[in-house]
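# Topology and contacts: notes
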Amino acid sequence: MSTQLFLGGRIYSASAPDATAMAVTDGIVTWTGEDRTGRALHPGAEEFDLAGAFVAPAFVDAHVHTTAHGLLLGGLDLSASRSHAQCLDELRRHAARTDDAVIWGHGFDESHWPDGGAPTTSELDAIAPGRAVYLTRVDSHSAACSTVLRAACPDLANAIGFHPELPVTAAAHHVVRAAARSLLTPAARDAARRRMLDAAAAAGICAVHECGGPDVSGLGDFTELLATEHGVEVRGYWGEAVTSAAEARDLLARTGAHGLAGDVFVDGSLGSHTAWLTDDYTDVPGRGTSYLDVDAIAAHVAACTEVGVQAGFHAIGDAAVTAVVDGFARVAASVGGPALAARGHRVEHLEMVSVDHAASLAAWGVIASMQPRFDRLWGGDDGMYAQRLGADRARALNPLAPLASAGVSLAFGSDAPATSMDPWAVLRAAVGHHTAGSGVSPRAAFAAATRGAWRAGGVRDGLAGTLTPGAPASFAMWDAPELVVRAPKDGVQRWSTDPRAGVPPLPPLELDSPSPRCLRTVHRGRVIHEA
């Protein structure tokens, strides 16, 4: 056996809130406590001086799109564009310095641009004549695309969501996305995946939940990702609905997926006006797009429950969430709530969920995989949500605390590339929710990004995501000069080594607090990132 003894740090451990030292033996946390005691208990151990670093369980990102985010990290990032003109200027500069088969860009958000809407087909053609251009909106549910790329899509004009000049949505977007993916070489995909996973490890993330599917990443990219050797663990969810247990088994065998969940689309997004609503959007006519009805949802849940794997859905609008709850209810009535809860099914995003729906989901053990930074980006009375829904409906979105109070298990993620992989920014957004009463405590937020995310990935041992003795040694070391314990009613208690404090401290999570710098990330005892 090989034991490492980490000394002189600040260890985030509920079992020992004042711990300054931690022992790891063969990839397992075996002890936490005080330096002197650690040396006495572990003579001959390899000692590592933490030099005051903060050591905490490594994060798990519960919803990512690995290759797409890797392409963003190495390509055209439009998230900083604050106007229509700036977006086109960014494209122009990128097109001039690359000869890639497809110009793949991501992240524009026209909802607050002062000089017009999303880029048009004609504008892309003028900037990059004769080239395939694919620019996704920040939510990845619509895309501006050039004539060359459109021409590669037979019968595109007849697909739902088609427009000759404006970004395509719904089925038309899925067709165009597939055509853009086909222009990426295997080498480009592999480089993108490794770029993203390296970035995850550098952000203190030891595992990610890939949400692939036929309309998202395609089977080839998904299977290549699962075969990629990297220190960051990948749990793969395939987003395709099935109608029977036999179909589920066949799909699992063909894809290698861990579950048939993630982006099994029931609807789209609010930003692209494709989230499925019970009442009209405020800024345009219509109620969005429905991809699955209650019958299809129930059949998928029943099949996955019978096979013994996680089912799940992408549901954002209130009509979509209602359909998901009704589908689960049908299966619960057939097999019973305990059988349903045993599978740990999940719903992604779950932005427009009622108190009654939350209670039902909690009773069936359904996990909410959510992205708190959506509220930080688009919440508030003058945000995109309010534009789309009006301020009253917008305030009720992403109700983290009400869901937790109802007993729904929360798991947090980034939905990268929709938002960047910064787990501390996720925590700040969860604590500093725009709507009073919807934010959660720092401790609850941290749990949702660690223990809760492991649980959402099917690990229910009560140890993963902690530094309790017996837990896998998956942790990150941080340069975090200040630690605090935020008490109820937003009181703040400074970090103390006094064991009577009883609650392990965290870095400050005010909205303007900087993210700590990751010094090292370790997964199951193996170093996967070193600053």
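Residues numbered from 1 in each chain as written. Predicted model: local features only at pLDDT ≥ 70, side-chain atom pairs only at ≥ 80, totals over all residues. Heavy atoms only, no water.

### Points about the pattern of salt bridges
What counts here: The working definition used for a salt bridge is a side-chain nitrogen of Lys or Arg within 4 Å of a carboxyl oxygen of Asp or Glu. A run of H or I in DSSP counts as a helix once it spans at least four residues, and a run of E counts as a strand once it spans at least two, with each numbered from the N terminus. Partly exposed describes any residue whose relative accessible area lies between the buried limit of under 20% and the exposed limit of over 50%, with all areas from a 1.4 Å probe on protein chains only and scaled to the type maximum.
Inspection of every chain in the model, using the stated rule, returns 20 salt bridges. With a shortest N-O distance of 3.0 Å, Arg137 and Asp109 are connected by a salt bridge. Here the residue Arg137 occupies a position in strand E10 (residues 132–137), and Asp109 occupies one in the loop between strand E9 (102–108) and helix H4 (121–127), the gap between them amounting to 28 residues. According to the relative accessible area criterion, Arg137 is buried, its value standing at 2%. With a shortest N-O distance of 2.7 Å, Glu348 and Arg346 are connected by a salt bridge.

### Considerations on the sheet that holds E9
The line we're drawing: Here, strands pair whenever DSSP counts at least two bridges between them.
The strand order E8-E9-E10-E11-E12 describes an open sheet built from 5 strands, whose pairing is mixed. With partners counted over all chains shown, the strands left at the sheet margins are strand E8 (76–77) and strand E12 (168–169), one partner each.

### Overview of helix H3 (residues 84–97)
The condition is simple: Each residue after the first adds 1.5 Å to the expected span of a helix. Throughout, the arc means that of the directions going from the helix axis to the C-beta atoms. Note on contacts: a residue pair qualifies if any of its non-hydrogen atoms lie within 4.5 Å across the two residues.
For H3, which comprises 14 residues, the first-to-last C-alpha distance of 21 Å matches the rise-based estimate of 20 Å (1.5 Å per residue) to within 8%. Among all positions in H3, only His84, Cys87, Leu88, Leu91, His94 and Ala95 are buried. Across the axial projection of H3, the buried residues extend over an arc of 125 degrees, all falling on one side. Of the exposed residues in H3, the ones pointing more than 90 degrees away from its buried face are Ala96 and Arg97. Check the buried side of H3 and you find it contacts E8, E9, H4 and E10.

### Section: the packing of helix H7 (residues 186–202) against helix H8 (residues 219–227)
Inclusion rule: A fitted line through C-alpha atoms represents every axis, and for helices the fit uses only the stretch in contact; the resulting angles, taken between N-to-C directions, go from 0 to 180 degrees. Should an angle fall under 35 degrees it is taken as roughly parallel, and over 145 as roughly antiparallel, whereas 65 to 115 is taken as roughly perpendicular and any remaining angle as oblique. Crossing handedness is read from the near helix: turned anticlockwise from the far helix by less than a right angle, it gives a left-handed crossing, and turned clockwise, a right-handed one. Throughout, the ten residues Ala, Val, Leu, Ile, Met, Phe, Trp, Tyr, Cys and Pro are labelled nonpolar, Asp, Glu, Lys and Arg are labelled charged, and all others, Gly among them, are labelled polar.
At a closest axis distance of 11 Å, the pairing of H7 and H8 adopts a crossing angle of 50 degrees. One element, H7, and the other, H8, form an angle in the oblique class. Between H7 and H8 lies a crossing of right-handed hand. Between H7 and H8, the residues in contact are Arg189, Arg193 and Leu197 and Asp221, Glu224 and Leu225, respectively. Partitioning the contact of H7 with H8 into residue classes produces 2 nonpolar, no polar and 4 charged.

### Thoughts on the domain arrangement of the protein chain
What counts here: Each domain's limits were defined by an automated method or a database of domain assignments.
Each domain of the protein chain was delimited in the assignment, giving domain 1 (3–58 + 465–480 + 516–530), domain 2 (63–183) and domain 3 (239–457). For domain 1 versus domain 2, the separation of C-alpha centres amounts to 45 Å.

### Section: the sheet that holds strand E14 (residues 233–238)
Strand pairing in a sheet takes place through backbone hydrogen bonds and is either antiparallel or parallel in direction. Read from one edge to the other, the open sheet built from 3 strands follows the order E7-E13-E14, with strand pairing classed as parallel. Looking along the sheet, the strands with just one partner apiece sit at the ends: strand E7 (59–64) and E14. Sheet twist, expressed as the average angle between the axes of neighbouring strands with direction ignored, equals 15 degrees. Judged from the 4 bridges that link them, E7 and strand E13 (residues 205–212) form a sheet pairing that is parallel. Paired with Val60 across the strands is Ala207, a residue of E13. In the packing of H7 onto the sheet, the strands contacted are E7, E13 and E14, and the crossing angle to E13 comes to about 140 degrees. Sitting on the sheet, H8 touches E13 and E14, and the angle it makes with E14 is about 155 degrees.

### Some details on H8
Listed as buried for H8 are Asp221, Phe222 and Leu225. The buried side chains of H8 occupy one side of the element, clustering within an arc of 100 degrees when seen end-on. Packing partners of the buried residues in H8 comprise helix H2 (66–73), H7, E13, E14 and helix H9 (245–255).

### Things to note about unusual backbone geometry
Between Ala416 and the following residue, Pro417, the backbone shows a cis peptide bond with an omega angle of 15 degrees. The residue Pro417 is located in the loop between strand E18 (410–412) and helix H18 (423–431) in this model. In this model, Ala170 sits at a positive phi of 50 degrees, which is unusual for a non-glycine residue. Its location among the elements puts Ala170 in helix H6 (residues 170–182). Its relative accessible area of 3% is what places Ala170 among the buried residues. Phi is positive for Arg524, which is not a glycine, with a value near 55 degrees. Tracing the backbone through its elements, the reader meets Arg524 in the loop between strand E22 (517–523) and strand E23 (526–530).

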